[in-house]
Amino acid sequence: MSAVILPSEPHAPTPPKQGWRSRAIARVSAALDAESDRFVLWLPALLGLGIGIYFALPSQAPLVLVFALVAIAVAIGFALPPRQRRIALPAFAAFGLGIGAAALRTEHVAAPIVAHDLGVRHVEGTVRWFEPLEAPGRLRLILDRPVIEGLQPEQSPVRMRLRLAGVQAEPRVGDRIALYAKISPPPGEVAPGGYDFARVAWFERLGAVGFGGKFELIAHAEQNSRGLSRLFASLRAEIQRRIWAALPERQAAFATALITGARAGIPHADLLDMQKSGLLHILSISGFHLALVAGLVMAAVRGGLAFIEPIALYWPLKKIAAALALLVSAFYVGISGGDVATWRSFVMLAVAMGAILIDRPALTMRSVALAAGFILLLMPESLFNPSFQMSFGAVAAIIAGYEWLRTRPRGEQPRAGIFQRYARWLLLALGTTLLAELATAPFAAYHFNQLVLAGFFSNEIADLLFGLYIMPFAIVSVLAMPFGLEEWPLRLMGFGLDQCLNLTHWFAALNIAGVPLTYYFKAWPLAALLCVVFGGVWIILWRTRLRYLGALFFTAGILVAALTPGADLIADESGHFAFRVKGDAGWQYGLVGVRSTGFKGQSWIRRLGGDPAIEARAQKFMHCDALGCAVDAGRGGMFSLVRDGRALEEECATHGAILSLVAATKFCASGAMVLDSQRLRREGPIALRLADNGSWQVMATRSQSIWPWHPQIAPRTLPPITAVEYPEDDSDD
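All figures in this text were calculated on a predicted structure; none of them were measured in a lab.

### Some words on the overall build of the chain
So, point 1. Along the backbone of the chain there are 23 helices and 22 strands.
So, point 2. Looking at the chain as a whole, 44% of its 733 residues are labelled buried.
So, point 3. Nonlocal contacts in the chain, meaning residues at least 24 apart in sequence, comprise 66% of its contacts between residues at least 6 apart.
So, point 4. Total accessible area on the chain is roughly 38300 Å²; 64% of this is exposed by carbon and sulfur atoms.

As structure tokens, this is what we get:
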């Protein structure tokens, strides 16, 4: 029997094998398609990128050039194919909008700045804001439209800030006063890459700062001002008066800070301990306080109306409560003085309450993105503010954590009992605090050079104390003030504040085996912060496995921060400097010309990696006489401060770096680095590093970009020093 051979079926062609690049591109494309609904969340980040690039330019760009660049960016988005245009056009538009918003804002707030120190001048102006300081008879105030002796109206600043001493009676907002004050331009960075008050002052239209004494009242507030600001200023002053009348001094200082935002009366030692325990943020009226107030008001209104049956059945209780919470929060902003950080927090709260009013979820990543974008458009300079960075970082991290939690498979679970529900609530509260601490830690490391290891525990306890006890009584006390019944709510609030202060001091002193739980380290470079922030934003905004790529950038930022060598000395044009020396007991820190309790001294010690609460102990490595000071920094490195030009030649031969209070007419032929007053005026504060071979190296100087708030001084060319350029002093010692 013969076999029948049937024709075989034709085989489908085998698809060619894809290479690893093709597979990687396909996976990334699939992940991006799955994340398409999250692209809108990147628009505020791109807006911030445009703002950052604008302020990183070497000088202020003309508006015509800025708008031309914005138009080019948008045109590039339009020129792309339709598939790419859907993503690229909004991205390019947001980036260009950030550049344009920064340029317009910089131009819009432009106001005169005094060009140099004016010495003592007669000043007359209207009190816009004032705040009592810790010491009796001292206060800080801002004058509107000051008239300064010797300056034409077009040269006079719009506002100026003064510190007064010896004041017998406080002024009122709106009072017209006159006084003599020593006036100077707003100071710039106290250290390279540090807090730049000159830039902050530009956007607040502060054109001068100064010191003064007693003032003369020219006109009362009632005769000189009207309007809502006057009403809130009067309410604020009256609330402060009643708080101080009802509470002991220490409790009153903290209660005043929490209710009216005036915290200058808080003792310096308490502020340091709050900083070391990670609780300093509770003194600044921001999102934490506004959220507590709004949440408590919503709970009280909604719970109270629920007992009224007709209203509970037919009225939208949640919307009514949200609207009233927003109004109460606006009043809180008004009596707190309404600084920039408070207004930013109020905008974010308004977005959340507005979402409730239109039946949308209050806290979503989109609402956070909307609030951030709105604030950056109105106040682009907020991008560089630590409170903006930390508040939005914390909220975004918390929302991302809860988004991740909702996506976890749960399956069927039996009905939880009361103890299980409480345990779940406690775990969620702990997780929320942990996410907030992790999100804000990089910003605290960059801006404040510290990491509070106990901050997770101290904040968890303090949040409960504030949310359940202190802030409810604060609200009740303010509501009771029109009836004169505020004393007992304030006393109960004061008891809670005492417990919070005890908690603060306990955590500040806490240590494990003699090691404090507050870790101070050298200043972070900007590149490290940018890498960490980009990695964190990448992890927060994406939801697929694509988010894990952010860990690479995060790790890279930490490595950059760890491997970048720290400075060993910081100096400025005043002849003040801070240094560190490696002694037998580890790093020791010294200060010359500045107080360890002052802002400059504390900033310098922190940026060198030291604890500002510990008195500088490195003075034993320094020798001073009438002509100057010499510092032995170890490793063969010598540094000297020259007060008299006759010592300059000798120091050139024996020291590696010289800080000269007199202008150097020549440079050191030996190669020693000369930092004279002219150079430091031009370059600002300077940070030096001592190399292993004993030579000094410039690590960082102030940005040399030419902006309206940074006056520039032309460099000089100097011949070498070969002989003493100053005559001998014939006077007796």
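### Remarks on unusual backbone geometry
So, point 1. The phi dihedral of Asp359 falls on the positive side, at around 60 degrees, and the residue is not glycine.
So, point 2. The topology assignment puts Asp359 in the loop between helix H13 (340–357) and helix H14 (365–378).
So, point 3. Even without a glycine there, the phi angle at Asn449 is positive, about 55 degrees.
So, point 4. Of note, Asn449 is situated in the loop between helix H16 (418–448) and strand S7 (450–452).
So, point 5. Here Asn449 falls in the buried class, since its relative accessible area comes to 2%.

### Re a nonpolar patch on the surface
So, point 1. Among the surface-exposed residues, Tyr422, Trp425, Leu426, Leu464 and Leu468 lie close enough to one another that they form a single nonpolar patch of about 530 Å² accessible area.
So, point 2. Those elements that provide at least two residues to the nonpolar patch are H16 and helix H17 (455–480).
So, point 3. As for its placement among the helices and strands, Leu426 is situated in helix H16.
So, point 4. For Leu426, a relative accessible area of 33% translates into the label partly exposed.

### Here's the deal with the side chain of Asp270
So, point 1. Among the structural elements, Asp270 can be located in helix H9 (residues 268–276).
So, point 2. For Asp270, a relative accessible area of 6% puts it in the buried group.
So, point 3. Leaving out residues up to four positions away in the same chain, Asp270 has contacts with Arg250, Phe254 and His505.

### Regarding the pattern of salt bridges
So, point 1. Counted under the stated rule, the structure contains 16 salt bridges.
So, point 2. In this structure, Arg140 engages Glu131 in a salt bridge whose closest nitrogen and oxygen atoms are separated by 2.9 Å.
So, point 3. A salt bridge links Glu238 to Arg242; the nearest nitrogen and oxygen atoms lie 3.0 Å apart. Residue Glu238 and its partner Arg242 are both found in helix H7 (residues 228–246); the two are separated by four residues, about one turn of the helix.
So, point 4. A relative accessible area of 22% places Arg242 in the partly exposed class.
So, point 5. Look at the salt bridges and you will find they share partners, linking Glu238, Arg241, Arg242 and Glu486 into a network.

### Details of the packing of aromatic side chains
So, point 1. Inspection of every chain in the model, using the stated rule, returns 29 aromatic pairs.
So, point 2. Ring centres of Trp42 and Phe534 lie 6.4 Å apart, and the angle between their planes is 50 degrees; on these two criteria the pair is classed as tilted. Separated by 492 residues along the polypeptide, Trp42 in the loop between helix H1 (20–34) and helix H2 (43–55) and Phe534 in helix H19 (residues 526–541) bring together distant segments of the chain.
So, point 3. Geometrically, the ring pair formed by Tyr469 and Phe473 is edge-to-face, given 5.0 Å between the ring centres and 65 degrees between the ring planes. With Tyr469 and Phe473 both in helix H17 and four residues apart, this pair spans about one turn of that helix.
So, point 4. Look at Phe473 and you get partly exposed, because its relative accessible area is 25%.
So, point 5. An aromatic cluster is defined as three or more aromatic residues linked by ring pairs; in this entry it consists of Tyr54, Phe55, Trp202, Phe203, Phe384, Trp707 and Trp709.
So, point 6. Over the ring of Phe384 we find Arg199, and its NZ or CZ is 4.5 Å from the ring centre.
So, point 7. Its end group placed over the ring of Trp587, Arg580 keeps NZ or CZ at 3.9 Å from the ring centre.

### Focus: helix H12 (residues 317–335)
So, point 1. Compared with an ideal rise of 1.5 Å per residue, which puts 19 residues at 27 Å, H12 spans 27 Å between its outermost C-alpha atoms and is within 8% of the ideal.
So, point 2. After H12 finishes, the residue Gly337 shows a positive phi value of roughly 95 degrees.

### Description of the pairing of strand S2 (residues 139–148)
So, point 1. Here S2 lies mainly inside the structure; eight of its ten residues are buried.
So, point 2. In terms of strand pairing, strand S1 (residues 119–132) meets S2 through eight bridges, oriented antiparallel. Pairing of Trp129 across the sheet is with Ile142, part of S2.
So, point 3. With antiparallel pairing between neighbouring strands as the criterion, S1 and S2 make up a hairpin whose turn holds six residues, including Gly137 at a positive phi of roughly 75 degrees.
So, point 4. When S2 meets strand S3 (residues 159–164), the two strands line up antiparallel, connected through six bridges. Pairing of Leu139 across the sheet is with Leu164, part of S3.

### Section: the nonpolar core
Nonpolar side chains in soluble globular proteins tend to be buried together.
So, point 1. Judged by nonpolar contacts, the single largest core of 55 residues is most densely connected at Ile243, Ile259, Met353, Phe466 and Met493.
So, point 2. Listed by contribution, the elements that provide at least two residues to this core are H7, helix H8 (249–260), helix H10 (287–305), H12, H13, H17 and helix H18 (487–509).
So, point 3. Ranked by residues supplied to this core, first place goes to H10 with eight residues.
So, point 4. In contact with Ile259, other than residues within four places in its own chain, are Ile239, Ile243, Ile285, Tyr332, Ile335, Ser336, Ala474, Ser477, Val478 and Met493.

### Considering the sheet that holds strand S15 (residues 628–632)
So, point 1. Sheet architecture is open: five strands sit in the order S14-S15-S16-S17-S19, paired in mixed fashion. Edge positions in the sheet fall to strand S14 (622–624) and strand S19 (673–676), since each of these pairs with one other strand and no more. Taking the axes of each pair of neighbouring strands and ignoring which way they run, one obtains an average angle of 15 degrees across the sheet.

### Observations regarding the pairing of S19
So, point 1. Here S19 shows a buried face lined by Met673 and Leu675 and a second buried face lined by Val674 and Asp676.
So, point 2. As paired strands, strand S17 (residues 657–660) and S19 are joined by four bridges and run parallel to one another. The residue of S19 that forms the bridge with Leu659 is Leu675.

### Things to note about the confidence of the model for the chain
So, point 1. Scored by pLDDT, the chain has a mean of 83; 89% of the residues are at 70 or more.
So, point 2. Predicted confidence for residues 714–733 stays below pLDDT 50, and this span has 39 contacts to residues more than four positions away or in other chains.

### Describing the packing of H10 against H17
So, point 1. Packing of H10 against H17 leaves a shortest axis separation of 10 Å and a crossing angle of 65 degrees. Taken together, the axes of H10 and H17 are roughly perpendicular relative to one another. The chirality of how H10 crosses H17 is right-handed. Mapping the contact onto sequence places Phe288, Leu292, Val293 and Leu296 in H10 and Asp463, Phe466, Gly467, Met471, Pro472 and Ile475 in H17.
So, point 2. The residue inventory of the contact of H10 with H17, partitioned by class, reads eight nonpolar, one polar and one charged.

### Remarks on the packing of H7 against H18
So, point 1. Two elements in contact, H7 and H18, have axes whose closest approach is 10 Å; the angle formed by their N-to-C orientations is 70 degrees. With respect to H18, the element H7 is oriented roughly perpendicular. Pair H7 / H18 crosses with right-handed handedness. Facing Arg242, Ile243 and Ala246 of H7, the residues of H18 in contact are Glu487, Leu490 and Arg491.

### Notes on the environment of Ser603
So, point 1. Examined against the element boundaries, Ser603 turns out to sit in helix H21 (residues 599–608).
So, point 2. Ser603 gets classed as buried once you look at its relative accessible area, which sits at 13%.
So, point 3. Taking the C-alpha atoms as reference points, Ser603 and His447, separated by 156 residues in sequence, lie 9.7 Å from one another.

Cut-offs used in this document
- Residues numbered from 1 in each chain as written.
- Predicted model: local features only at pLDDT ≥ 70, side-chain atom pairs only at ≥ 80, totals over all residues.
- Heavy atoms only, no water.
- Helix = DSSP H or I, 4+ residues; strand = E, 2+ residues; numbered from the N terminus.
- Buried < 20%, exposed > 50% of the residue type's maximum accessible area, 1.4 Å probe, protein only.
- Contact = heavy atoms within 4.5 Å.
- Areas by Shrake-Rupley, 256 points an atom, 1.4 Å probe, with all protein chains shown as cover.
- Patch = residues over 30% accessible without salt bridge, like charges linked within 9 Å, V, L, I, M, F, W, Y side chains within 5 Å.
- Salt bridge = Lys/Arg side-chain N within 4 Å of Asp/Glu carboxyl O.
- Phe/Tyr/Trp six-rings, centres within 6.5 Å; stacked < 30°, edge-to-face > 60°.
- Lys NZ or Arg CZ within 6 Å of the ring centre and 35° of its normal.
- Expected span 1.5 Å × (residues − 1).
- Pairing = 2+ DSSP bridges.
- Core = buried A, V, L, I, M, F, W, Y, C linked by side-chain atoms within 4.5 Å.
- Axes fitted to C-alpha atoms, helices over the stretch in contact; angles between N-to-C directions.
- pLDDT = per-residue confidence, 0-100.
- Parallel < 35°, antiparallel > 145°, perpendicular 65-115°, else oblique.
- Left-handed = near helix turned anticlockwise from the far one by under 90°.
- Nonpolar A, V, L, I, M, F, W, Y, C, P; charged D, E, K, R; others polar.

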